[in-house]
Amino acid sequence: PTITVHPDQPLADLGDLYGIFFEDLNHAADGGLYAEMVQNRSFEFCSVDAPDYHALTAWEDAQGAPLTPAPLALRVLSDAPLNSNNLHYLQIDTHDPRTFRNHGYGQGMAFRRDAVYRFSVFARKLYAPVTLTVALTDDAGQILASGETVVTSDDWHQYFLTLTSRGTTAAGRLQLTVSGNAHVSLDMISLFPKDTFHHRINGVREDIGEQLAALHPRFMRFPGGCLVHDGSLDPRDRDAGYRWKNTIGPVEARPARRNSWGYNQTLGLGYYELFQLAEDIGAKPLPVLPGGWDPHHQWAAPMAELQPFIDDALDLIEFANGPVDSEWGAKRAAMGHPQPFHLEYLAIGNEEVGQEFFDRYPRFHNQIKARYPDIKLINSAGPFAAGSEFDRGWTSARQHHSDLVDEHYYMSPRWFLANQHRYDTYDAHGPKVFLGEYASHGNTWANALAEASYMIGLERNAAKVGLACYAPLLCNTDYVNWRPDLIWYDQQHVTGSVNYDVQKLFMTHQGSQNIAHEEANLPAPLPLPAAPTTGAVRFQGADADITYSNISYTDLLSDTTTQLADGTVTGQDQVPLLAKTSGYFRLTFDFVKTGGRPDKGMRLDFGVVDDQHRFGWS
Ligand code: AHR
């Protein structure tokens, strides 16, 4: 083959093409990137977050058995709390010394010999001062470090200790012993390694932070994904949406929430910390805000009540970029960052398909552009389906002159190879593509190669594709909501996947411009891997009976939709829905478990390749 390049003929700027996307699923924040080691530090876990949670989740007695309330002696109370966002605390009233411990995440806390840990607690006592002995232990209960602090305050007060571990363990515990004859309230029991990434207080894990920094991403999208558009903006509602204003300010005053991925989200890693992280890794921040439409609960903010959502967007821009004497710029400065965070990009909505969103988007767009014309606004297209769902986002974007449109797809490696030319026909004069989520179904070399090939197609089309980021970014091996993922870790180790190596290669060697070239005498293209084989799709039950209805089945390649029969699956039985499939499909359905809340519009995209189904869902 002969390739002739013309360095004097630039075609398109590659700009900020490659970045990363952080979403708190797979315990990406709590139990992951966020360096807090204590799980359920403020006793706010509850069954709204996850069915098996309770206020003492992750707390144990001295023998490692789950900690249970003891009448009068050990209780979780909520009268006279630390603040109105942090209602629960541990009350201990005891004659004898009492020892209990926190398990941390996964197998336990990872302590390293000679490493330093910072303990803190909010406490208040009734009557006499109370001695609190704080220890780091290994899995056998051996003490690796210990220290004491005396609670002397009658009102909530924060106490600190620094502990240096004498040993290394992958399954450690934080152990507390309250002296005898004590009446003491404890809340926000916290332990961080002293060495966080860039030595930030309330910061992120050093090893994971370094893994992110090594990518040299140009931008960082956050905080979701699906989790951004849950529910209302009401901070009193545990099931409410992710509202950025709840995630800044003192950590102990941030209201914990139900993360839509099925666990508690402390919001300790909030917007300030995420802006800070983006800056520390040299990436431009790219926040995603809800657009007043929650497809999970099928709830739309009434038009007359939409303004607070829009104000959230306007205030966020001021928080990031405003002068220190502006209302929200002052809050940023008070948290320790008087300089602006240089926000350039803002996305409204995530994977939007509902007309409700597109009815509301223009109001965001017009007000944001009127006040901040230089902010690049990102409209939203639905997740991939051959054509129709993307069209609404693109139509809206063209009509309102959005700067970019967020497309998402999770497909087979074969799809990525076959669609290398996807963007060749896109219009270079309209809004640009933000490929905000993509991955082929797996963490193998074949997946990574298919993604690399696809990324060449993105670069070739840099005039039309502005930004692209693989998804999801992070996964704790003990809490997998979704796979594949770019970076895997437990409490002790972190490993980049082979897909990570591809992203790193492209990010660290991102060119600045596409230049004209011609190709001649190219070898004939290799045939694509064999066509997908056959498989079956079954509806598998849980312990309860599940009734499903409104099932439709779309072949994503031919865009043909078939309606399937409604039915019930009992116990853990399976009901075949499709006997024979090949290719790439979408199932949508409603279901309700006996005694449960109906879930409407569930969606499952999957491909069948070599007898393996891979699927994502939302
Ligand atoms: O990346 C995982 C999820 O996939 C995101 O939350 C959502 O946007 C998509 O459906």
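Residues numbered from 1 in each chain as written. Predicted model: local features only at pLDDT ≥ 70, side-chain atom pairs only at ≥ 80, totals over all residues. Heavy atoms only, no water.

Turning to the side chain of Thr-57, a few remarks are in order. Following the sequence through the fold, Thr-57 ends up in the loop between α1 (29-33) and β3 (59-61). According to the relative accessible area criterion, Thr-57 is buried, its value standing at 11%. Looking at Thr-57, its side chain comes within polar contact range of the main-chain nitrogen of His-54, at 2.8 Å. (Helix = DSSP H or I, 4+ residues; strand = E, 2+ residues; numbered from the N terminus. Buried < 20%, exposed > 50% of the residue type's maximum accessible area, 1.4 Å probe, protein only. Polar contact = N/O pair within 3.5 Å; in protein donor to acceptor, adjacent residues only side chain to side chain.)

Now for the site of the ligand. Taken together, Glu-23, Gly-225, Cys-226, Trp-261, Asn-350, Glu-351, His-408, Tyr-410, Glu-437, Pro-472 and Trp-482 form the complete shell of residues around the ligand. Glu-23 places a polar side-chain atom, nitrogen or oxygen, 2.6 Å from an oxygen atom of the ligand. At a separation of 2.9 Å, an oxygen atom of the ligand approaches a polar side-chain atom of Glu-351. The fraction of the free accessible surface of the ligand (280 Å²) that becomes covered by protein chains is 98%. (Near = heavy atom within 4 Å. Areas by Shrake-Rupley, 256 points an atom, 1.4 Å probe, with all protein chains shown as cover.)

Moving on, we come to the nonpolar core. In terms of nonpolar packing, the biggest core is built from 120 residues, with Phe-22, Leu-346, Ile-368, Tyr-409 and Leu-474 touching the most fellow members. Counting residues per element, this core draws most heavily on helix α4 (residues 307-321), at 8 residues. Beyond its immediate sequence surroundings of up to four residues, Phe-22 is in contact with Ala-28, Ala-29, Leu-33, Arg-221, Phe-222, Pro-223, Gly-224, Leu-269, Leu-274, Leu-473 and Leu-474. If you look at the next biggest cluster of nonpolar residues, it comprises 37 residues, including Ala-123, Val-151, Ala-182 and Ile-189. (Core = buried A, V, L, I, M, F, W, Y, C linked by side-chain atoms within 4.5 Å. Contact = heavy atoms within 4.5 Å.)

Moving on: helix α5 (residues 327-334). Every buried residue of α5 is accounted for by Trp-328, Gly-329 and Arg-332. Burial along α5 is one-sided: seen end-on, the buried residues are contained in an arc of 105°. For α5, the exposed residues set more than 90 degrees away from the buried face come down to Glu-327 and Ala-334. Two residues or fewer past α5, Gly-336 is found with a positive phi of approximately 115°. (Arc of directions from axis to C-beta.)

For the rest of this paragraph, the subject is the packing of aromatic side chains. All told, the structure shown has 34 aromatic pairs when counted by the stated rule. With a centroid separation of 5.9 Å and an interplanar angle of 40°, the aromatic rings of Trp-415 and Tyr-454 are classed as tilted. You can see Trp-415 sitting in helix α8 (residues 413-418) and its partner Tyr-454 sitting in helix α9 (residues 445-460), a full 39 residues away along the chain. Of the two residues, Trp-415 and Tyr-454, neither departs from the other in class, the shared state being buried. Through pairs of rings, three or more aromatic residues link up here, namely Phe-222, Tyr-242, Trp-244, Tyr-271, Tyr-272, Phe-275, Phe-319, Trp-328 and Phe-341. One residue, Arg-124, lies across the ring of Tyr-89, its end atom 5.0 Å from the ring centre. A cation sits over an aromatic face here: Lys-331 above Trp-328, 4.8 Å from the ring centre. (Phe/Tyr/Trp six-rings, centres within 6.5 Å; stacked < 30°, edge-to-face > 60°. Lys NZ or Arg CZ within 6 Å of the ring centre and 35° of its normal.)

Moving on, we come to the sheet that holds strand β5 (residues 89-94). Sheet architecture is open: 5 strands sit in the order β4-β5-β13-β8-β11, paired in antiparallel fashion. Each edge of the sheet is formed by a strand with only one pairing partner; in this case those strands are β4 (74-77) and β11 (157-164). Strand-to-strand twist of the sheet, defined as the mean angle between neighbouring strand axes without regard to direction, takes the value 30°. Sheet topology note: the β5/strand β13 (residues 182-193) ladder contains 5 bridges and is antiparallel. When the bridges of β13 are listed, Thr-94 appears paired with Ala-182. (Pairing = 2+ DSSP bridges. Axes fitted to C-alpha atoms, helices over the stretch in contact; angles between N-to-C directions.)

Let us now look at the pattern of salt bridges. Counted according to the given criterion, the structure contains 19 salt bridges. Residues Arg-101 and Glu-60 are paired through a salt bridge, measuring 2.7 Å at the closest nitrogen-oxygen approach. Of this pair, Arg-101 sits in strand β6 (residues 98-102) while Glu-60 sits in strand β3, and the two are 41 residues apart along the sequence. With a shortest N-O distance of 2.7 Å, Lys-369 and Asp-403 are connected by a salt bridge. (Salt bridge = Lys/Arg side-chain N within 4 Å of Asp/Glu carboxyl O.)

Considering the arrangement of structural elements, one finds Met-109 in strand β7 (residues 109-111). The spatial distance from the C-alpha of Met-109 to the C-alpha of Ala-171 is 5.2 Å, given a sequence separation of 62 residues. Other than its neighbours up to four places away in sequence, Met-109 contacts Met-37, Val-38, Asn-102, His-103, Gly-104, Thr-169, Ala-170, Ala-171, Gly-172, Arg-173, Leu-174 and Leu-191.

The next subject is the confidence of the model for the protein chain. With 89% of its residues at a pLDDT of at least 70, the protein chain reaches an overall mean of 90. The low-confidence segment residues 609-618 (pLDDT under 50) makes 31 contacts with residues lying over four places distant or belonging to another chain. (pLDDT = per-residue confidence, 0-100.)

Attention now moves to the sheet that holds strand β27 (residues 494-496). Read from one edge of the open sheet, 3 strands run β25-β26-β27, paired in mixed fashion. With partners counted over all chains shown, the strands left at the sheet margins are β25 (474-476) and β27, one partner each. Strand after strand, the sheet turns through a mean of 20° between neighbouring axes, direction not considered. Two elements, strand β26 (residues 487-489) and β27, share 3 bridges in a ladder whose sense is antiparallel. Counterpart to Ile-487 in the pairing with β27 is Gly-496. Along the sheet, helix α2 (residues 206-213) contacts β25, β26 and β27; its crossing angle with β27, the most-contacted strand, is approximately 15°.

Another point: α4. End to end, α4 covers 21 Å across 15 residues, agreeing with the expected 21 Å (1.5 Å per residue, within 8%). Along α4, 11 of the 15 residues are buried, which leaves the element largely enclosed by surrounding structure. Within α4, the full set of buried residues consists of Phe-309, Ile-310, Asp-312, Ala-313, Leu-314, Asp-315, Leu-316, Ile-317, Glu-318, Phe-319 and Ala-320. Packing partners of the buried residues in α4 comprise α3 (271-280), β17 (284-289), β19 (299-300), α5, β20 (345-348) and α6 (355-371). (Expected span 1.5 Å × (residues − 1).)

Our next topic: the packing of α9 against helix α10 (residues 498-508). Running from N to C, α9 and α10 cross one another at 25°; their axes reach a closest spacing of 8 Å. Comparing their axes, α10 and α9 come out roughly parallel. The two elements α9 and α10 meet at a crossing, and its hand is right-handed. Across the interface between the two elements, Trp-445, Asn-447, Ala-448, Glu-451, Ala-452, Met-455, Ile-456 and Glu-459 from α9 touch Val-498, Asn-499, Val-502, Gln-503 and Phe-506 from α10. Here the residues of the contact of α9 with α10 are counted per class, giving 8 nonpolar, 3 polar and 2 charged. (Parallel < 35°, antiparallel > 145°, perpendicular 65-115°, else oblique. Left-handed = near helix turned anticlockwise from the far one by under 90°. Nonpolar A, V, L, I, M, F, W, Y, C, P; charged D, E, K, R; others polar.)

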